Structure formats: C-alpha cells, structure tokens
Amino acid sequence: MQKKSPLGLAISLSLLVMASPSAFAADTAVATAAVGAEAIDLDRIEVRPQLESQTRAVDLKRSSDAIEDAVSSDAMGVYPDKNVAESLQRLPGVSVTRDQGEGRFVVIRGLDAALNSVSVDGIAIGTPEDSSRAAPLDVIPSDSTERLRVVKSPTPDMPGDAIGGAILVESASAFDREGRSLRGKVEASHQQLSGNTSPKAAINYSEVFGDTLGVALGVNYQNRTFESDNTEVEYGTFDGGADDDLFANSLQQRKYEIERKRIGANLNFDWRPDDDNRYYLRTLYSQFDDAETRQRTLFNFGDGEVTARGNNQYTIDELPADAIQKRMRYRTKKENTFAASLGGENRLTGAVVDYKVGYTRTEERVNDEMEARFKYNGDDLTATVDQNSGIPRYTLSDAGWISNANYDFDRVVLSPKQVNDQERSAQINVRFDGDASSYKVGLLGRWRDRDVNVDERELRVGPKIALSDWTAATPDHRGGNLGQGMRSDAMRRYWAQSGGQYSARPQDAGGNAMASLEEDYTASEDIFASYAMGTWDIGALRIIGGVRVENTRFAATGNSVDVASNGRSYTVTPLNVSRSYTSVLPGLHLRYDAGSDWVLRAAANKTVSRPSFGDIAPRVGLNRGDEEVRLGNPQLDPYESRNLDLSVEKYIGSTGIVSLGLFHKSIDGYIVSTLSNNDPAYPGYEVTRVINGDKATVRGAEFNWQQQLAFLPSGWDGLLVGASGTWLDTDFDPGLAGRERDDFMLPRASKHVYSAHVGYEKAGFSTRVAAVYRSEYLDTLGDSRAYDIHVAPNTQLDFSLDYKITANVSLYLEARNLLDKPLELYQGVRSRTLQNEEYGRTYALGLKVAL
C-alpha cells in the first residue's frame, strides 16, 4: 500500500468529514453517550474559528453607517489567512498585487493601491516606497491586529483621501476579550522551491484590572527562507522584420533566494474609570527584513543578426559573446513601521467629545545593495529562438557560456537607498445628540515629512574579478539553465576586502550623478481639515449628510541634473516648489432598515487622492548624450472623484449575509505618465513626464454571500459556505498621441474578481478550502497595443485544518498556493510572455494554546 504524506492524510481526513459529516456527528454522539454512561462530566470541546470571525465581520458591516466590508479575528485572535493583505482579498471588490508570492498592495474596486488611505488605529501610515503613496500591507503581521475594515464610501467625518477606499487596521483592546487572555502559537512552514522549513511564533496577552484598566500586549516573529524562479523577456522589432513581428530581443533567467524576517509588537492601554469617560494608548511596531540574493543570466539575442524562419521561429547569426552576461546582486532591505495614538472620549452634558494625537514613522533602508556584472568572453555564437510556447525556448551553438571561468568582469553597481516618512496628527470631534438626530463637527491636522535619498553609481575601474572564484552549484530553475551558480557570500567577502580599489570611469561621472541625485527629494505636506455632519433618524431611515473641507499645503526640494554629451561633466541645480489648494468634499449617505433583516444603503460623495510624492517633486534629469529628459511635475492637481453607491443586504441570522452593490466613480485629472518627442521646451529630445490626463470612469457590481448551513440535518449543519464576485467596467483616456482611437481599461483594474470558500466545523474540528480568482489587468501602457503590458489571470487556492486536542490546545495545518500558479505578465498578446515567476507551494504545521 502506498504511504500518504502527513499533508495528504490531513486533507483526506478533512474531505472525509466534509463528505460525510453525519458520520462524524454520529461518532461524536456515541463517544459522548459512552462517557455519560460512566457518569463522567466533561466540557464539550468546541472550535469555531471560522464561524466566530464571520459573525464578528457580519456584525461590523450591519452596524456600520458607511458602505464597508470587514475581516475579523476569531475569539482566539486568529484570521482565516495569515497575511493582512491576503485576508482582505476575501472581501468583495478587493484584490491584491503580490511580491515574491505574498500579497503586498491592496487594490479596491480595481483602482491603484496609491488611491487608498491606510490607517492603524485611526492614524494614517506612510509608505517606504520611494515614489508612491501605496502602503504595503505585508509589513504588518496579522497577529498584531484585531479587525480589518475596508470603507468604500467614507462619511464626511472620515479623511477624504480615499478614492479607492479607506483601509482601517485596528489592534486589540483588552476589553475585546473577557477577563484574562493568554494565547500563543508556534509554527513551522515548508516552502517547496527552497526545501527549507521556517519558524514562526506569536504570543498575545490581555487582562482587565478592576473593570477599569485594560492592558493588551502582543509579540510575533517569523523567519522565512524561500526561493522563486523568474524568467523575463523583452520584445521588439528587428532589422528586416515586419512591424508586427516582435522578437525576443532579450531573455533573462533570475533565481531569487530570500531570508525574510518579520517582527511585530503591539502594546495597548485602556482606562475606563466610569461609563462616561475612557482613555487609551495604542502602539504598534512592525519590522520587515529581507536578505535577498539574485542570480541572473542574460541573453541579448537582439545584438546578433536576426532572421525570421516562420512559425514564430528565428535564427540569430553572429551573436557577439558579450551579448551573454551574468549578474549577481545582494541586498538587505529593512522596512519598519511604528504607529502610536493617545486619545480619549468624554460624555458631557449634551455632548460627546473625542480627541486623539498620533504619530507614525515608516522607514526603508537598503544600505548594502550591490551587483557584480560579467560578460561572456568566448567566440561569436549562433542561436535559435522558438516563440511558440509562451516563454521563448532557445539553443546556442556553444555551451562555453555555462562555465563561470569564461566570463570577464564588467562593472559593479552600488545602489543604496534610504526613505524616511513620518507624520504627526491631532484631531477633535464633538457630537451633539438629540432624540432622533445628532450633529457632529471636527478638526484634523496632519503634518507629514518625507525624505528620499537614492544613491546609485557604476564602478568599472579596478582589479579584474575572476567569477570562477565565486562558483557554486548550478541552481535549480524551472525556466531553464542559468549556468554555474554564483555565491553572494564570496562576493560580499571580496568587496569588504577590496571594494576600496574600485572607481568610476571619467565618462560615467554624469550618469552616476544623475542616478544618484535625480531621484532624491525632500517634501512636506500639511493637511488641515474641518467638517460638519448631521445624522437624522426618520423611522427606519437614517440620513447622514455633511461636508468636509481639506486644505493641502505642499513644499518640496529636488534637483535638476544636466549631463554633458560626453558624460564627463554635469551641473546640479536645486529646485524648490510650494503649493496650496483646497478640496470641498460633500457627502450624503442613506440607510434604510426594511425589516425582516433587509438593509438598503445609498451614498453620494466626493473624494480626492493626492499625487504621489515622486511625481510631484521638482526634478529634471537631462541626458544630452542620450537626448532624454525626465521631468517631475509640481503643478499636478489631485485626483477628484464623484462617487455613487447602492447596496442591498439581507442578513441571515447572526452569521450570514447576501448582498449586492452597484457603484460608479467619475475621476477627474487621472494622473498618467507620457512620452513625447516634440516637446517645444526640449526640441529633439525624448521627454518623459507625468500629467493630469482626462476623465476616468469606473462602473461595477459586487456580490457577496456567506452562511452557515445550520438548517441542514445534524452533522451537515457544520458546513460554512461563501462566494463573492466583482464585475468592473472602466473607461480611461490617457491622452497618448497616436492612440486616440484605442479603448483602455484603468491600469491594475481586473474586470472580474471572484472568491469562494467551503468550510466545516463540528466539535473540535475545523477545515476550510478557499479560492480567489482575478482576471487579467493592464499594468503599463506602451506606444501601441503590441507594447502594452498585462498581468495574466491568476487563481489562488488555499487549505486549512484546525483540530482542538483539548479545551486549550489546537493543532493546525495549512497549505497555500495549492495550484502552484505563477505570476505571469505578457506583452500585447497572451502568447508573448514577458515575465513568469514561480513560487511553489507552502505548507505550515502549528500548535495554538489559549489560557
């Protein structure tokens, strides 16, 4: 008989129970009866993590005045998913973009993640990204949070910078638990590609003292070692080829080896001396460290004489040896986020006052990034390329490129980077309650400072490096052969001993200055907001109306770098800019409790999103040798969106919901990057700049259903099911010359996003299978459709199993990316793969304890 792996046994057990829950219930009943016959009274072991988290999320949605969805932890503080971004992707209208196989940025209703606001305990957080406002959510461990909310149509008392939506991350209060709570877990996860098993641990403690003082503390740690296999291709025309015959001019295969550490901690205090007064302190810290080695082999087939043979097959003659290159990069990237808020609420005679001061700091440090580059030194080669299989397949006439001994040193590229982003804030709100109405006014001030320093330089003068001294075993790669491997530890040791002997060529001085100074900027952004809002209850109808006014004051300093034609000299001129503008944001929200657990909602409001710091910073990069200009645009206006939302919700008991929502967004001034060859200010130059494009329109529908099938016969009543879908239609005119007749979807907007799950919980057993599908989306606009870059459709399938051994101890098993789907990008058409990155499956086994 063939033996099954532990994972196979666990999945078989869960499927057996789901296939025949009545048998499982019968066995439980027999065991209970046997215990009763011996007159032993034991507490029944119950585990209901899915149902508890679902019930909490449904309660949050039902009680909300805004149009929102939520994800909540269960009574043990555990989520159905282990990553904050991936937990959110289960919600209707929400998808994620991934980095190294993990959800990183959250996309709401198909809009760029930079158009969302993200806050921790009501305090806006920044981003370590050097040029974007998009806040990564993989840096915040889910074990540090209690609730995750996505508000899709904010009320006037919420910040207005939420065209996509507002993501509210809330950490735990001791008053969320009953009495003392101590929870801990340990986990080991195994990644398929690396073959490594990695540890994870978390502990959370909370207690209420004297019914007035609450303390909640959590600490978590993960050290994950994993790999990914990446293949990237660039397509273009070739001499003698037809305009529509795009050839794989360049192909590169990359191997990533990563050690990723996450550390998270939260410490929260609540003081509630009486029913009318409460005070709190919330703190959250997360640290995300990556030690990454990237090996890559490049084949620049376009450097040879290309001949089309028909049927997507090509021959390349006279391919110069140096068209084949090897590169080794190593870097440690450290990102950390700290958020703290101190506030309170006081119920006075005739009014309720709440107030808060906050501070957030986000940092990124990449201090040691270096890449050593080498070129093949053999004879010219002949190659063939077959483009019939998505990823092009190639053959070379000489196998000498495989050996590291046949490569000459080319250069070392150093690319350190530092990003500092911090914000201070203060707010106060006053609410006056009447019999069937309330009125609320408030003030908010936010003071944000940002500093980006990117230093990149190429060093080509120095001792010749023998790549053979760094040789390692040939790395396994699903996409093909990279040749002999390279050891990053050997590279780092060499550089520590000999790096001081390397310098730049004189003709590289200008290019190094541009790479180092053009991306640097400092910026400050001060926002002063006020609002007035009223709430009126007329029978079953609640009306919320008001207006918010936000004044934004922006100042920044950047550089203008002008590089001479010979590259040997350059000039740097500091640039300064300041702006101020005011946004008036009205909003009207209706909620009608129609009885029989029906709720109808409608909203009409206006929201904004401010340009990214990298786009609005004053910057000029002028390269006279290459006749290229890159420009920032301090005159960019914010995006402005007029939004309409309608939703119908039917609540099924305390745990289920069926909802349907329709929405429409009309966005003015959508910001796009343009490329021009006829800019009157720079005649003869290729000019890249960002501008406010024309209007973008987003229309869509969202469906959501989740329910415990408690009406089924005993045994089957432990089934939990859910499904959601989002259908999106967008119109967008980027204003690109020559493409006036083309229709565009908004970048990063999938037309369809679906999710579904089937779970089962009974007695001490809980299992869940969950899938998320998103359709393709446009990632980058090119000069024509043939050069547009798309991200291919993707399906994520995950499995989890939880078994309660005793009343306080649970064993769990998880399997992620069961379909082993890669991240895939293509250029123009699906058969033209631009990037294919594979991560393999990940399995985790863990133990949870709750006291």
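Along each chain, numbering runs from 1 in the same order as the chain's sequence is written. Side-chain atom pairs in this predicted model are given and counted only at pLDDT of 80 or more, local residue features only at pLDDT of at least 70, and totals for whole chains, interfaces and linings cover all residues. Excluded from the side-chain calculations are hydrogens and water; all other atoms, namely the structure's heavy atoms, are used.

Asks: Would you mind going over the overall build of the protein in detail, with residue names and values included?
Replies: A tally of regular secondary structure across the protein gives seven helices and 46 strands. Each radius of gyration is computed over the set of C-alpha atoms, and the globule rule expresses the reference value as 2.2 Å times the number of residues to the power 0.38. Here the protein has a C-alpha radius of gyration of 29 Å; the compact-globule value for 851 residues is 29 Å, and the two agree. Its C-alpha atoms give the protein principal-axis dimensions of about 85 × 75 × 55 Å. With 851 residues in all, the protein has 55% of them scored as buried. Contact definition: two residues touch when any of their heavy atoms are within 4.5 Å. Taking as baseline every contact in the protein between residues at least 6 positions apart, the subset at least 24 positions apart corresponds to 72%. Note that accessible areas follow from Shrake-Rupley with a 1.4 Å probe, and for residues the cover is restricted to the protein chains shown. Surface summary for the protein: the accessible area is close to 34,800 Å², and the carbon and sulfur share equals 52%. His residues and chain termini do not enter the charge count, which takes Lys and Arg as positive and Asp and Glu as negative. Charged side chains are reduced to one point each, which is NZ for Lys, CZ for Arg, CG for Asp and CD for Glu. For the protein, the centre of its 95 positive side-chain charges and the centre of its 121 negative side-chain charges are spaced 2 Å apart. By the criteria applied, helices consist of DSSP H or I runs no shorter than four residues and strands consist of E runs no shorter than two, each listed in order from the N terminus. Buried means the residue's accessible area, taken with a 1.4 Å probe over protein chains only, is under 20% of the maximum for its type, while exposed means over 50%, and partly exposed covers the values in between.

Asks: Please give an account of the sheet that holds strand β5 (residues 123–124) that cites residues and values.
Replies: Any two strands with at least two DSSP-identified bridges between them are counted as paired. If you trace the five strands from one edge of the open sheet to the other, you get β1-β6-β7-β4-β5, paired in mixed fashion. Taken across any chain shown, the strands that pair with only one partner, and hence form the sheet edges, are β1 (67–72) and β5. Sheet analysis places strand β4 (residues 116–120) next to β5, joined by two bridges and oriented antiparallel. Considered in β5, the bridge of Ser119 is made with Ala124. With respect to the sheet, helix α3 (residues 49–63) is in contact with β1 and β6 (147–153), its orientation differing from that of β1 by roughly 160°. Lines are fitted to the C-alpha atoms to define the axes, a helix being fitted only along its stretch in contact, and any angle between axes, read from their N-to-C directions, falls within 0 to 180 degrees.

Asks: Would you mind going over empty space enclosed by the protein in detail, with residue names and values included?
Replies: Over the atoms rolls a probe the size of a water molecule, and in doing so it shows where empty space is left. Of the two site types, the cavity is a set of points on a 1 Å grid over the protein atoms alone where a 1.4 Å probe fits but cannot get out, and the pocket is an open set with protein on both sides within 12 Å along at least five of seven lines, each lined by residues with an atom within 4 Å of a point. Grid points are joined across faces, edges and corners, and a volume is the space filled by probe spheres set on the points. With the rule as written, the count across this model stands at ten cavities of 30 Å³ or more. In this structure, the largest cavity spans a volume of roughly 410 Å³. As for the largest cavity, its lining consists of 27 residues, of which Arg90, Leu91, Gln706, His757 and Arg768 are closest to the centre. Looking at the lining of the largest cavity, the elements that each hand over two or more residues are α3, β1, β36 (696–708), β37 (719–732) and β38 (752–762). Counting residues per element, the lining of the largest cavity draws most heavily on α3, which supplies six residues. Classifying every residue of the lining of the largest cavity by side-chain character gives eleven nonpolar, eleven polar and five charged. Three residue categories are used. Nonpolar comprises Ala, Val, Leu, Ile, Met, Phe, Trp, Tyr, Cys and Pro, charged comprises Asp, Glu, Lys and Arg, and polar comprises the others, including Gly.

Asks: Any chance you could break down a negative patch on the surface for me, citing the residues and the numbers?
Replies: A grouping of Asp239, Asp303, Glu305, Glu318, Asp322, Asp379 and Asp380 is seen on the molecular surface, where their side chains present a negatively charged patch. Mapped onto the elements of the fold, Asp322 is located in the loop between β14 (313–319) and β15 (324–348). Here Asp322 falls in the partly exposed class, since its relative accessible area comes to 36%. Patches in this entry comprise residues that are over 30% relatively accessible and not in a salt bridge; like charges within 9 Å are linked, as are nonpolar side chains (Val, Leu, Ile, Met, Phe, Trp, Tyr) within 5 Å. Should a side-chain nitrogen of Lys or Arg be within 4 Å of a carboxyl oxygen of Asp or Glu, the pair is scored as a salt bridge.

Asks: Go over the pairing of strand β16 (residues 351–366) with me, naming the residues and quoting the values.
Replies: Where β15 and β16 come together, 15 bridges link them in antiparallel fashion. Note on β16: the bridge partner recorded for Phe338 is Arg361. The turn joining β15 and β16, which pair antiparallel and follow one another in sequence, is formed by two residues; a positive phi near 85° is taken by Gly350. As paired strands, β16 and strand β21 (residues 417–433) are joined by 15 bridges and run antiparallel to one another. Its bridge partner lying in β21, Val366 is registered against Lys417.

Asks: Let's hear about the sheet that holds β14: which residues, and what values?
Replies: Strand pairs in the sheet, formed through backbone hydrogen bonds, run parallel or antiparallel to each other. The strand order across the open sheet built from four strands is β13-β14-β18-β19, with neighbouring strands paired in antiparallel fashion. Whereas interior strands pair on both sides, the edge strands pair on one side only; in this sheet they are β13 (305–310) and β19 (393–396). If you compare each strand with its neighbour and ignore which way they point, the axes differ by 20° on average.

Asks: Quick one: what's the story with α3, residue by residue and with numbers?
Replies: For α3, with 15 residues, the first-to-last C-alpha span of 22 Å sits near the 21 Å given by 1.5 Å per residue. All of the buried residues in α3 are Pro49, Gln50, Leu51, Ser53, Gln54, Thr55, Ala57, Val58 and Lys61. Take the number of residues in a helix, subtract one, and multiply by 1.5 Å to get its expected span.

Asks: How would you summarise the packing of aromatic side chains if you had to cite specific residues and measurements?
Replies: Stacked, tilted and edge-to-face are the three classes applied to pairs of Phe, Tyr and Trp rings, where Trp contributes its six-membered ring and a pair requires centres within 6.5 Å; stacked means planes under 30 degrees apart, edge-to-face means over 60, and tilted covers the rest. Tallying each qualifying case throughout the model produces 23 aromatic pairs. Judged by centre distance (5.9 Å) and plane angle (70°), the rings of Phe238 and Phe247 are edge-to-face. Classification of Phe238 by relative accessible area gives buried; the value is 11%. Its relative accessible area of 0% is what places Phe247 among the buried residues. One aromatic cluster is present, built from ring pairs that chain together Phe374, Phe409, Trp470, Tyr494, Trp495 and Tyr502. Only when the NZ atom of a Lys or the CZ atom of an Arg is both within 6 Å of the ring centre and within 35 degrees of the ring normal do we say a charge sits over the ring. Geometry around Phe663 places Arg109 over its ring, the cationic atom sitting 4.0 Å from the centre. The lysine or arginine in question, Arg224, covers the ring of Phe226, its NZ or CZ lying 4.2 Å from the ring centre.

Asks: An account of the nonpolar core is needed here, citing residue identities and associated values.
Replies: The set of buried Ala, Val, Leu, Ile, Met, Phe, Trp, Tyr and Cys residues whose side-chain atoms join them within 4.5 Å is what this entry labels a nonpolar core. Residues Phe301 and Leu396 are the most contacted members of the largest nonpolar core, which totals 48 residues. Excluding residues within four positions of it along the chain, Leu396 makes contact with Phe299, Phe301, Leu319, Ile324, Leu381, Thr382, Ala383 and Trp401.

Asks: Residues and numbers for the pairing of strand β28 (residues 570–595), please.
Replies: Successive residues of a regular strand alternate their side chains across the two faces of the sheet. Across 23 bridges, the pairing between strand β27 (residues 541–563) and β28 is antiparallel. Bridged to Thr557 within β28 is Asn576. Hairpin connection, β27 to β28: the antiparallel pair is bridged by six residues, and Gly567 has positive phi, about 75°. When β28 meets strand β29 (residues 598–609), the two strands line up antiparallel, connected through eight bridges. Bridge pairing in β29 places Gly587 opposite Asn605. Here β28 folds back onto β29, and the loop between the two strands holds two residues, one of which, Ser596, carries a positive phi near 55°.

Asks: How would you summarise the pattern of salt bridges if you had to cite specific residues and measurements?
Replies: Per the stated rule, a full pass over the model turns up 70 salt bridges. Arg446 is the salt-bridge partner of Asp161, the closest N and O atoms lying 3.5 Å from each other. In this pair, Asp161 sits in the loop between β6 and β7 (165–170) while Arg446 sits in strand β22 (residues 437–454), placing the two residues 285 residues apart along the sequence. As far as the burial class goes, Asp161 and Arg446 line up, both buried. Two residues, Glu232 and Arg254, come together in a salt bridge whose shortest N-O distance is 3.6 Å.

Asks: Describe in detail the confidence of the model for the protein, supporting the description with residues and values.
Replies: pLDDT is defined as a per-residue confidence score from the predictor, taking values between 0 and 100. Mean pLDDT over the protein stands at 88; residues scoring 70 or higher make up 93%. Looking across the protein, the model is least confident in helix α2 (residues 21–37), with a mean pLDDT of 41, and most confident in strand β17 (residues 370–376), with 97. For residues 1–20, every residue scores under 50 in pLDDT, and the model assigns this stretch 22 contacts once sequence neighbours within four places are set aside. Predicted confidence for residues 22–44 stays below pLDDT 50, and this span has twelve contacts to residues more than four positions away or in other chains.

Asks: Outline unusual backbone geometry, supporting the account with residue identities and numerical values.
Replies: Positive phi is not limited to glycine here, since Glu318 has a value of about 50°. The topology assignment puts Glu318 in strand β14. Glu318 sits in the exposed class, given a relative accessible area of 56%.

Asks: A description of the environment of Asp489 should follow, citing residues and the corresponding values.
Replies: Among the structural elements, Asp489 can be located in helix α5 (residues 488–498). Residue classification places Asp489 among the partly exposed residues on the basis of a relative accessible area of 30%. C-alpha of Asp489 to C-alpha of Tyr330: the two residues are 159 residues apart in sequence and 8.9 Å apart in space.

Asks: Give me the side chain of Ser516: which residues, what numbers.
Replies: One can find Ser516 in helix α6 (residues 509–517). Residue classification places Ser516 among the buried residues on the basis of a relative accessible area of 15%.

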